[in-house]
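If you want the building blocks of each chain, they are given just below.
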Amino acid sequence: MSTTPLQFGLDEKEMRQVYAETILELAQNDPSVIALEADLMSSISTNKIQPLIPNQIINCGIMEAHMMGVAAGFSLTGKIPFVHTFAQFATRRAFDQLFVSCAYARLNVKIIGSDAGVTAEHNGGTHMAFEDLGLMRLIPNATVYEASDSTMFKALLKQIYGEYGIHYIRTIRKKAKRLYSSSEQFPKGKGKLLRDGKDVAIVASGIMVEEALKASDLLANKGIEAMVIDMYSIKPIDQNLLIYAAEKTGFIITAENHNVIGGLGSAVAETLMETYPVSMYRIGVREQFGQVGKTDYLKEFYGLTAEHIVKAVMDKLEETE
Amino acid sequence: MNDLERFRDKIRLWTLKQLNHLGFGHYGGSLSIVEVLAVLYGKIMNISPGQMNDEHRDRFVLSKGHGGPALYAALAIKGFFPYEMLYTLNQNGTKLPSHPDRNLTPGVEMTTGSLGQGISVAVGIALSQKLSNIPSYTYTIVGDGELNEGQCWEAIQFAAHHKLHRLFVFVDDNKKQLDGWTKDICDPIDFVEKFRSFGFWTCRVNGASLEEIEAAILEGKKQSKKPVAIILDTIKGQGVPYLEQKEDNHHIRPSAEDQKAIEEAILELEQKCSSEEVNV
């Protein structure tokens, strides 16, 4: 299997800027595109594009539950609604509305949950979703992505625009580490093999991809060859790539800015348990709520750093020796 | 008897026949919306089985989804599906579940049943049509109990803010919800005052009167800025005196006595409806 060439650096644009620009591009090319917001327009920069497409952006006010119903109404009349709010409002708060009015009714609604996990920073536990991927994965036939850089985010937004159904993209709002060249494609149901290796495979998503790459550097210094996968498509998940990783390394570590229950770690474990069971450890939040703090502090607190990944690998390898 | 009265009687008859065939169900709140459904589907709405892909059609969302059997009766009479299908209500594999499902039943615009949600969807439809400059109307019925749900009030203030004057919200004010009297569970105080203060054009009518409902709709259609709320003064079990007087009439599993009364009501309505075809 060939690896994807990476293009490192800091993203030039914040993810929110990417969101606003992509929505503007889609909306200007297609009058049926509608962006729905719940009083977080200036948080995601759509306030800057509103004057250009005033009839295609609706600020619903602080009414997330109602906003899901409005999205369903737009879908019923042939429009293509993109719904944005913070991840915990999009999922935890409005889950039954999203489930019944949008998904169970088999409508066409795109949901963008921002401020993924610890990146909610000073908004703290009330605003910090470690559960959104799990909730979204429970919805039959929903597609669930976590974007790891701006190239990917833009590509995924364009992709879900063209595909009928319930789609969820989890993202941070600020600058991400640049990973991909602007021509890279991100098909549904696929992962990106970023580095090959034979001793362990680190399967990560979102901000944890950067940590996984760092961990693989640290492990290389110890003579351990770590495979790194960016598993941006969490549902459906790339079963073939997971089996390749399991077969080659016999040891999988998942790394997610999310509860270890329900999200990427669960998805990988469920897939491999049924196809190619191997040793596994899930890096992620365990039995904890969110709290205020800087991202770096929170990553350390919840065990979401390259060093935590390295330690998990070393513990396992020592155990087996 | 005119066509609209015959349509009303036939909706009531087939609502009872469905529920009687099934053996249990939401009699109370299905019967209390028979008149408003008769006026909407019989006289007001621009809708027919051939128009379901017409973007200019009027749309109806039954936000109080447990009234499904009454809607199914109206749709069958309008020719959306054969009458025989009504006997499949809630049977295994049916296309008529107790709460409406847009993917199963011809003529059903929206899946509802989780209370408070349908009104938001109706508001979304009305706003979408307004933004597209399509002058169609959107009608929804909410229950008085359903208005316990905070989401309804989100939808109501949003509709007024966006001046959705082609949105009609009917409140089936039958005074009861599952566990008892609405005033005892969480007193709504005054729906007219509430809707008015939220920016709606509002009136209260006798929900058993076809004439009053129609007149209120025509008056509401004169609005050019405000959405319309018509509070229907109704009774659970409406039109079947025995069921109207029954204390616990939200969801009924009939006793032998109930059964007898329901069958008598069916017979009476059958005699009224037998000879003449309904032309709506």
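Here the residue numbering is sequential within each chain, running from 1 through the sequence in written order. For this description, chains carry letters from A and ligands carry numbers from 1, given in the order in which they are written. Confidence filtering applies because this is a predicted model: local features only for residues at pLDDT of at least 70, side-chain atom pairs given and counted only at 80 or more, and all residues used for totals across whole chains, interfaces and linings. In computing side-chain properties, one takes all heavy atoms of the structure into account and sets aside hydrogens as well as water.

**Things to note about the pattern of salt bridges**
Residues and elements named next belong to chain A.
- Definition used for salt bridges: Asp or Glu carboxyl oxygen within 4 Å of a side-chain nitrogen of Lys or Arg. Under the criterion given, the structure shown has 36 salt bridges over all chains.
- For glutamate 225, the salt bridge identified is with lysine 198, shortest N-O distance 4.0 Å. Of this pair, glutamate 225 sits in the loop between helix 8 (208-221) and strand 11 (226-230) while lysine 198 sits in the loop between strand 9 (192-195) and strand 10 (200-204), and the two are 27 residues apart along the sequence.
- Burial classes follow relative accessibility: with a 1.4 Å probe on protein chains only, a residue under 20% of its type's maximum area counts as buried, one over 50% as exposed, and anything between as partly exposed. Under the relative-accessibility criterion, lysine 198 is labelled partly exposed at 43%. In DSSP terms, a helix is any run of H or I states spanning at least four residues, a strand is any run of E spanning at least two, and both are numbered starting from the N terminus.

**Description of the packing of helix 8 of chain A against helix 12 (residues 306-320) of chain A**
All names here are of chain A.
- At a minimum axis separation of 8 Å, helix 8 and helix 12 run at an interaxial angle of 55°. In terms of orientation, helix 8 lies oblique with respect to helix 12. Between helix 8 and helix 12 the crossing geometry is right-handed. Contacts from Met208, Glu211, Ala212, Lys214, Ala215, Leu218 and Leu219 in helix 8 reach Ala306, Glu307, Ile309, Val310, Val313 and Met314 in helix 12.
- Note on residue classes: Ala, Val, Leu, Ile, Met, Phe, Trp, Tyr, Cys and Pro are nonpolar, Asp, Glu, Lys and Arg are charged, and everything else, Gly too, is polar. Of the residues in the contact of helix 8 with helix 12, the class split is 10 nonpolar, no polar and 3 charged. Where helices are involved, their axes are fitted lines through C-alpha atoms of the stretch in contact, as for all axes, and angles between N-to-C directions lie from 0 to 180°. Oblique is the label for any angle not under 35 degrees, not over 145, and not in the 65 to 115 range, which are roughly parallel, roughly antiparallel and roughly perpendicular in turn. Should the near helix be turned counterclockwise from the far one by less than a right angle, the crossing is left-handed, whereas a clockwise turn marks it as right-handed. Contact between two residues is taken to exist if any of their heavy atoms lie within 4.5 Å; hydrogens are not considered.

**Details of the sheet that holds strand 6 (residues 201-206) of chain B**
All names here are of chain B.
- Paired strands, as defined in this entry, are two strands with at least two bridges between them according to DSSP. Taking strand neighbours across the sheet as the criterion, the 5 strands line up as 1-2-3-7-6 in an open arrangement whose pairing is parallel. Lying at the two open borders of the sheet, with one neighbouring strand each, are strand 1 (59-62) and strand 6. The sheet shows a mean angle of 20° between the axes of neighbouring strands, direction not considered.
- Sheet analysis places strand 3 (residues 167-173) next to strand 7 (residues 228-233), joined by 6 bridges and oriented parallel. When the bridges of strand 7 are listed, valine 169 appears paired with alanine 229.
- Sheet strands touched by helix 3 (residues 34-44): strand 1, strand 2 (138-143), strand 3 and strand 7. Its angle to strand 2, the strand with the most contacts, is close to 175°.
- This element, helix 9 (residues 210-220), spans strand 3, strand 6 and strand 7 of the sheet and lies at about 170° to strand 6.

**So, the domain arrangement of chain A**
Residue and element names in this part refer to chain A.
- Taken domain by domain, chain A holds domain 1 (11-177) and domain 2 (192-320).
- Just the C-alpha atoms count here: the centres of domain 1 and domain 2 sit 26 Å apart.
- Every contact between the two is made by 31 residues of domain 1 and, on the other side, 32 residues of domain 2.
- Buried area: the accessible surface (1.4 Å probe) lost by two parts on joining, summed over both. Taking both sides of the interface into account, the surface hidden between domain 1 and domain 2 amounts to around 2,400 Å²; carbon and sulfur atoms contribute 57%.
- Contact with domain 2 buries area across many residues of domain 1, yet Val118, Phe130 and Arg137 alone supply 32% of it, more than any other trio.
- The interface formed by domain 1 and domain 2 holds 1 salt bridge in total. Domain limits in this description derive from either an automatic procedure or a database domain assignment.

**Digging into the sheet that holds strand 7 (residues 166-170) of chain A**
Residue and element names in this part refer to chain A.
- Pairing within the open sheet is mixed, and its 7 strands lie in the order 3-2-4-5-7-6-12. Taken across any chain shown, the strands that pair with only one partner, and hence form the sheet edges, are strand 3 (57-59) and strand 12 (233-235). Across the sheet, the axes of successive neighbouring strands diverge by a mean angle of 20°, strand direction being ignored.
- The pairing of strand 6 (residues 143-146) with strand 12 spans 2 bridges and is classified as antiparallel. Pairing of tyrosine 145 across the sheet is with serine 233, part of strand 12.

**Overview of the packing of helix 3 (residues 64-76) of chain A against helix 5 (residues 95-104) of chain A**
Residue and element names in this part refer to chain A.
- Where helix 3 contacts helix 5, the two axes come as close as 9 Å, and the packing angle between them is 10°. In terms of orientation, helix 3 and helix 5 fall into the roughly parallel class. Of the residues in helix 5, those touching helix 3 at Ala65, Met68 and Ala72 are Gln97, Leu98, Ser101 and Cys102.
- When the residues that make up the contact of helix 3 with helix 5 are grouped by side-chain class, the tally is 5 nonpolar, 2 polar and no charged.

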